[in-house]
Amino acid sequence: MTKRLMITLVSTLVLLCLCGMCTIGAGEIRIAVCAPITGNYSQYGLSFKNGTQLMAKLVNEAGGINGARIKMEIYDDKNEQKEGVNIAQRLVSDRGVAAVIGHFASGVCLATAPVFQRAGLVLISPTSSHPDFTKQGTYMFRNNVKEDVEGPCSAEFMIKQLKKKNIAIIYVNNDWGVTARDYFMEGVKKFGGKIVASEMFIDGQTKDFSPILTKINAAKAEIIYLAAMYTDSGMIAQQLNRLGYKIDLFGNSSIYNDMLIQLAGKAVEGTYLVASYFDEDPTPVVRNFIANYKKEYGVVPDQYAALAYDTAGLVVEALKICGPDRAKLRDALAGIKDYPGVTGNTTFDENRDAQKGVIILQIQNGKFVFHSRV
Amino acid sequence: MQVLGGNRKASLSSRASRILFGILGLVLLAVPYVGVSSYVVRMFTLTLMYISLGLSLNLLSGLAGQVSLGHAAFYGIGAYTSALLSLRLGLPFMLTCLAGGIMASLLGLLLCFPAMKLQGTYFTFVTLGFGEIVRLIILNWAKLTRGPMGLPGIPQPVILGIRIASDGAYYYLILVIAVIIYAVVSNISNSATGRALVAIREDTLVAEAMGVNVFKYKMIAFGLSTFFAGIVGAYFAHYISFIDPSNFTFDESSLILSLVVLGGMGNLKGTILAACFLIAVPEVMRGLLAYRMLIYGLILVLAMMIRPQGLLGSQKRMQVS
Amino acid sequence: MQQIVNGLTIGTMYSLCAVGYSMVFGILEFVNFAHGSIYTVGAFITLTLVSSGRIGFGVSFLLSMIATGLLGVAIDRFAYYPIRSKRAPKMNLLIGSIGMSIFLQNLAMLIWGSQTRNYPEVLRLGSTRLLGVTISHYQVVIFLLTAFLIVALQTFIKKTKTGKAMRATAQNVDATKLMGVNVNLIVQIVFFIGSALACVAGTLVGMYYQAADPWMGFMPGLKAFTAAVLGGIGVFEGAMVGGLIIGIVETLAAAYIHAGYRDGIAFAVLIIVLLVRPTGLWGKALSRKV
């Protein structure tokens, strides 16, 4: 019995050592992409995968970077911190990896940041919105609009343009939702509005929003700000409709997804939202991206794919300047100004947060329509 | 081991096994120095952590037969207690770790009292419910735990003046913890207490009738099991430096339980084997990204179907001639 | 007041799921953890059939019920039966069912994708306002359907020979075997019906929220168990009332205490019930053999 135990342990040991030591052939620039490929958020992981791999394909078709091909290696972080840190540790010791694109959720980013920072490997997230993320170190980058921009913009629009002062918030109880709520509430206070109700729900578990909707209706809210993903937002809209309450809805950029309309139909008609990427945008950069994406994957890209695509593009830009040296890459990336991305002109500020513009969209006749630029 | 007969055979194989264990011990001690990548050291560390968790649960669910699906909650309580004490009050690791274990133990005993009378499946569900409630409290009591924002920046442990910062140092720390837990649980399982627990597992009614103080032994099992889970939790918090409620879900509890069941109820070496298997193999299987959880579920079912006593067999009642 | 109606709505959905759970639980004394996953698979099968556009809703629903029922039987035949026949501790069956639940859930994710799918609006039912409270017709339908199913099940169990065999199996497996009853067949029938009921619950919930995702079964599964226990094992009316009670308590807690704890409330109820009255509101006391 003990012998069997020994044999198994030793063989596992050997397997692990082999894994730890394997590297891929030279002549290739490797970029790791850490995203939730399995689990609740796998659809977003898929967008990351598609977006980054499309960029790699296009770059390689155009001759690569100074002749070298780039390769996007996908790692499944399951949106879990432990997994993320596991992968981070692995990547950090793998000298062939030049940079890491990921993760999807701020929580995972925060957990892996110390690992990447200590080892001096760039981690650039296309979607993390937690303000503390980039504060974790000089190797942390963020390529999306933070909640401290989206929140106040939304508040300003609601109060000044829509003239609605009595506002309710429904937010998902995770780090993103709470941050979004906080910045939004600051914005509302700044522009003279009033929060009449602030209700939360648990990610992935709550399907029935009727109790909080009834409460919000009783508080006489004129409009509800949704800090929730599109699946939950869709259900909220539907249930609001079913209960017969006439309250407007305003969404975060996360509800910008065609599936929302499929799920909620008429219930989301007229809803406004902020976004930084819009697929009807006539600029050639965007149109090309959408055409290529559709050709490659057969569907229209969502904003997450767009963000991932841009993030990959930013890394490619940096690679063009300095090659796959980790430290030099960090500097090159930090210095990028006015990169013409599909999610807007991107420049990194001194905190390595991306500065982009924000636009307001509205759902009209079952489609997302451009409303105004902020 | 049988008491009667086969003495010569016993001494030969026990010498061989002692040598094997010696080699194993050396290997384990040498891991950080052999020049393997820090990724491998990390894998070992993680495996040892799960071994510790599995051993702690084995005491409760394996030996005493009280199947708990809420173990992650105690692990979580230990983690949060230790993290909060060191972040808010700046207390040293030894203290916060102990506090974590004690806190987890107290809550474990709290659960034990009402759950004492419950049998089998009902008990399991109550532990599941308890685990979920604890997780929800951690998630919602934002004033204390920062809720979903988690606790970042948990300081590295400083033990007797030595700062645990490198992968190797962390590895040795968990190795020490794991060895201690193994020693304690192993000792108990071979003692009269262990026999009492097994009796309770096999047939509580009979055990009671035979004069076993079921209450006292269940308390011991619960208290110790959750204490160790808390200690490992504290270690985890200081290892990963950022914790939030998503680490301590039902999935985690079921993983820990699987280690116990797969290895064999009450069989400590089995738990170790199962941990190596279940933690290391998914790493190797990384290529099968999407199928991982699927295979994991399948393994659980197949294991129950083909070899329900676990890989190394469950510890049966001691044969008395 | 509206909150109570809200509570009843969600409560009826739990009741529906709970009835299937209670059945398997009552007759086999086995908590099928995979019930929640079967519920999910059932919902998805109906969705696939209806979305194909060529099969009408009623037929899709029926086919799906049969398919899901057969799935339940298959699970029993290939997974649970081998575990049972080893005479291993009950716990192994529980672990096996947990493994099965994980397996099924991920299988659903693989087959149908992890995105939330839209359930086409098949039946256009409105709502009425009554005494200042909005009641959706859907809720009424689900409520009546659950009640109907319970009555049908009760009749089946009390009046038919198979039903009698089921009751006998619940009391004493060995004696039933000695009486010449094919116990394995009975068990399979129980799984068939239980799973078909799970399918009904899943489909109706999917239709109500017009969405289906691979994780939709997890929480309802756990709450349905709570409902079944609250009402008393094997007592269907109990399961129904249990579901309603949980729905109301949960909704009120979400509205007046704190929305974040709503799921915890269901578990708290479970714990309290098991402590105070383990047999549930209507259950019979389990005798302990000495």
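Residues numbered from 1 in each chain as written. Chains lettered and ligands numbered in written order. Predicted model: local features only at pLDDT ≥ 70, side-chain atom pairs only at ≥ 80, totals over all residues.

Student: Is there a simple way to explain the overall build of chain C in this structure?
Tutor: Helices and strands together make up the secondary structure of chain C, namely 11 helices and four strands. In summary, chain C has a C-alpha radius of gyration of 19 Å against a globular reference of 19 Å for 290 residues, a match within 12%. With respect to the principal axes defined by its C-alpha atoms, chain C has extents near 60 × 50 × 35 Å. Within chain C, counting contacts between residues at least 6 apart in sequence, those at least 24 apart form 76% of the total. (Helix = DSSP H or I, 4+ residues; strand = E, 2+ residues; numbered from the N terminus. Rg over C-alpha atoms; globule rule 2.2 N^0.38 Å. Contact = placed C-beta atoms within 7 Å.)

Student: Would you explain the overall build of chain B in this entry?
Tutor: Secondary structure summary: chain B contains 13 helices and four strands in total. Out of the 321 residues belonging to chain B, those deemed buried represent 55%. Expressed as a percentage of contacts within chain B between residues at least 6 apart in sequence, the contacts between residues at least 24 apart total 81%. (Buried ≥ 20, exposed ≤ 12 C-beta atoms within 10 Å, placed from the backbone.)

Student: Explanation requested: the environment of Leu274(C) in the structure shown.
Tutor: Among the structural elements, Leu274(C) can be located in helix 11 (residues 262–276). On a C-alpha basis, the gap between Leu274(C) and Thr226(C) in space is 9.6 Å, while along the polypeptide they are 48 residues apart. Other than its neighbours up to four places away in sequence, Leu274(C) contacts Leu118(B), Tyr122(B), Val126(B) and Val229(C).

Student: Looking at this structure, how should I read the interface of chain A and chain C?
Tutor: Note: interface size is frequently given as the accessible area lost on complex formation between the parts. Each side of the interface is counted separately: chain A has 26 residues, and chain C has 23 residues. Put simply, the parts of the chain that give the side of chain A that touches chain C at least two residues each are helix 2 (42–61), strand 7 (194–201), helix 7 (210–218), helix 8 (230–243) and helix 9 (258–264) of chain A. Of the residues in the side of chain A that touches chain C, the class split is nine nonpolar, 12 polar and five charged. (Nonpolar A, V, L, I, M, F, W, Y, C, P; charged D, E, K, R; others polar.)

Student: Which parts of the structure should I look at to understand the sheet that holds strand 4 (residues 123–125) of chain A?
Tutor: Where strands meet in a sheet, backbone hydrogen bonds hold them as pairs that are either parallel or antiparallel. Residues and elements named next belong to chain A. Ordered in space as 2-1-3-4-5, the five strands form an open sheet in which the pairing is parallel. Every other strand in the sheet has two partners, leaving strand 2 (69–76) and strand 5 (140–142) as the edge strands with one partner each. Sheet twist, expressed as the average angle between the axes of neighbouring strands with direction ignored, equals 25°. Sheet contacts for helix 4 (residues 106–119): strand 3 (97–101), strand 4 and strand 5; angle to strand 4, the most-contacted strand, approximately 155°. (Pairing = 2+ DSSP bridges. Axes fitted to C-alpha atoms, helices over the stretch in contact; angles between N-to-C directions.)

Student: What should I look at first to understand the sheet that holds strand 14 (residues 359–364) of chain A in this one?
Tutor: All names here are of chain A. Strand order in the open sheet formed by seven strands is 7-6-8-9-10-14-15, with mixed pairing between adjacent strands. Only two strands of the sheet have a single neighbouring strand rather than two, namely strand 7 and strand 15 (367–373). Each strand axis lies, on average, 25° off the axis of its neighbour in the sheet, ignoring direction. Across four bridges, the pairing between strand 10 (residues 272–275) and strand 14 is antiparallel. Across the sheet, Leu273 pairs through a bridge with Leu361, a residue of strand 14. Most of the contacts of helix 5 (residues 147–161) go to strand 10, to which it runs at about 145°, and overall it touches strand 6 (166–172), strand 8 (223–227), strand 9 (248–251), strand 10 and strand 14.

Student: Would you mind showing me how to read unusual backbone geometry here?
Tutor: If a residue is not glycine, its phi is most likely negative; likewise, a peptide bond is most likely trans. Residues and elements named next belong to chain A. Cis geometry marks the peptide bond from Gly102 to His103; its omega dihedral reads -10°. Unlike most non-glycine residues, Asn365 shows phi in positive territory, near 50°. In this fold, Asn365 is placed in the loop between strand 14 and strand 15.

Student: Hey, could you run me through the interface of chain B and chain C in this one?
Tutor: Taken together, the 30 residues of chain B in the interface contact 35 residues of chain C. Broken down by secondary-structure element, the contributors of at least two residues to the side of chain B that touches chain C are helix 5 (120–140), helix 11 (250–263) and helix 13 (292–306) of chain B. Counting residues per element, the side of chain B that touches chain C draws most heavily on helix 5 of chain B, which supplies 13 residues. Classifying every residue of the side of chain B that touches chain C gives 22 nonpolar, seven polar and one charged.

Student: So what exactly am I meant to see when it comes to the environment of Ala228(C) here?
Tutor: Residues and elements named next belong to chain C. On the secondary structure map, Ala228 appears in helix 9 (residues 218–231). With 207 residues separating them in the primary sequence, Ala228 and Tyr21 have C-alpha atoms 7.0 Å apart. Each residue touching Ala228, except ones within four places of it in the same chain, is listed here: Ala18, Tyr21, Ser22, Phe25, Ile233, Ala239 and Gly242.

Student: How should the packing of helix 1 (residues 2–28) of chain C against helix 8 (residues 183–209) of chain C be read in this particular structure?
Tutor: All names here are of chain C. At a minimum axis separation of 8 Å, helix 1 and helix 8 run at an interaxial angle of 170°. Classified by the angle between their axes, helix 1 and helix 8 sit roughly antiparallel to one another. Where helix 1 abuts helix 8, its residues Met13, Leu16, Cys17, Val19, Gly20, Met23, Val24, Ile27 and Leu28 lie against Val187, Val190, Phe191, Ile193, Gly194, Leu197, Ala198, Val200, Ala201, Leu204 and Val205. Its residues assigned to classes, the contact of helix 1 with helix 8 shows 18 nonpolar, two polar and no charged. (Parallel < 35°, antiparallel > 145°, perpendicular 65-115°, else oblique.)

Student: When you look at helix 2 of chain A in this model, what are you seeing that I'm missing?
Tutor: An α-helix turns once per 3.6 residues; consequently, residues spaced three or four apart project the same way. Residue and element names in this part refer to chain A. Here helix 2 spans 28 Å end to end across 20 residues, near enough to the 28 Å set by a 1.5 Å rise per residue. Burial runs high along helix 2: 14 of the 20 residues are buried. Note on helix 2: the residue one or two positions beyond its end, Gly63, has a positive phi of about 110°. (Expected span 1.5 Å × (residues − 1).)

Student: Please clarify how the packing of helix 10 (residues 236–257) of chain C against helix 11 of chain C should be interpreted in this entry.
Tutor: What describes two packed helices is the angle between their axes and the distance between those same axes. All names here are of chain C. Following both chains from N to C, one finds helix 10 and helix 11 inclined at 135°, their axes separated by 8 Å at the closest point. Accordingly, the angle class assigned to the pair helix 10 and helix 11 is oblique. Helix 10 and helix 11 meet at a crossing whose hand is right-handed. Together, Ile246, Val249, Glu250, Ala253 and Ala254 of helix 10 and Arg262, Ile265, Ala266 and Val269 of helix 11 make up the contact between the two elements. Residues belonging to the contact of helix 10 with helix 11 are distributed by class as follows: seven nonpolar, no polar and two charged. (Left-handed = near helix turned anticlockwise from the far one by under 90°.)

Student: Honestly, the pairing of strand 8 of chain A in this entry has me stumped. Any pointers?
Tutor: For a regular strand, the rule is simple: side chains alternate between the two faces of the sheet. Residues and elements named next belong to chain A. Counted residue by residue, strand 8 has four buried out of five residues, so it is predominantly covered. Here strand 6 runs beside strand 8; their pairing, made up of five bridges, is parallel. Bridge assignment links Tyr171 to a residue of strand 8, and that residue is Ala227. Of the pairings in the sheet, the one linking strand 8 to strand 9 comprises four bridges and is parallel in character. Bridged to Leu226 within strand 9 is Gly251. Handedness of the crossover is the feature at issue here: the chain leaves strand 8, passes through helix 8, returns alongside strand 9, and the resulting connection is right-handed. (Right-handed = clockwise from strand over helix to strand, strands pointing away.)

Student: In this structure, what is going on with helix 2 (residues 35–51) of chain C? I would like to understand it.
Tutor: Residues and elements named next belong to chain C. Helix length check: helix 2 (17 residues) gives 24 Å between terminal C-alpha atoms against 24 Å at 1.5 Å per residue, within 8%. With respect to burial, helix 2 is a largely interior element, 15 of its 17 residues being buried. At the exit of helix 2 stands Gly53, carrying a positive phi of roughly 80°.

Student: Quick question: what am I supposed to make of the confidence of the model for chain B here?
Tutor: When pLDDT drops low, the exact placement of atoms in the prediction is not to be read closely. All names here are of chain B. Across chain B, the average pLDDT comes to 80, with 87% of residues at 70 or higher. Here helix 1 (residues 7–30) is the element of chain B with the lowest mean pLDDT, 67, and helix 3 (residues 71–88) is the one with the highest, 92. Contacts for the low-pLDDT stretch residues 1–10, under 50 throughout, to residues beyond four places or in other chains number three contacts. Contacts for the low-pLDDT stretch residues 317–321, under 50 throughout, to residues beyond four places or in other chains number five contacts. (pLDDT = per-residue confidence, 0-100.)

Student: Would you mind going over the confidence of the model for chain C with me for this structure?
Tutor: A residue-level look at chain C finds 91% of positions with pLDDT of 70 or above and a mean pLDDT of 80. Interface confidence in the predicted complex, given as ipTM, is 0.81; pTM for the same model is 0.81.

Student: I would appreciate a short explanation of the environment of Ile98(C) in the present structure.
Tutor: You can see Ile98(C) is positioned in helix 4 (residues 90–112). With 24 C-beta atoms packed within 10 Å, Ile98(C) lands in the buried category. Sequence separation of Ile98(C) and Ser37(C) is 61 residues, and the distance between their C-alpha atoms is 10.0 Å. Leave out the neighbours within four places in its chain, and Ile98(C) touches Ser254(B), Leu300(B) and Phe33(C).

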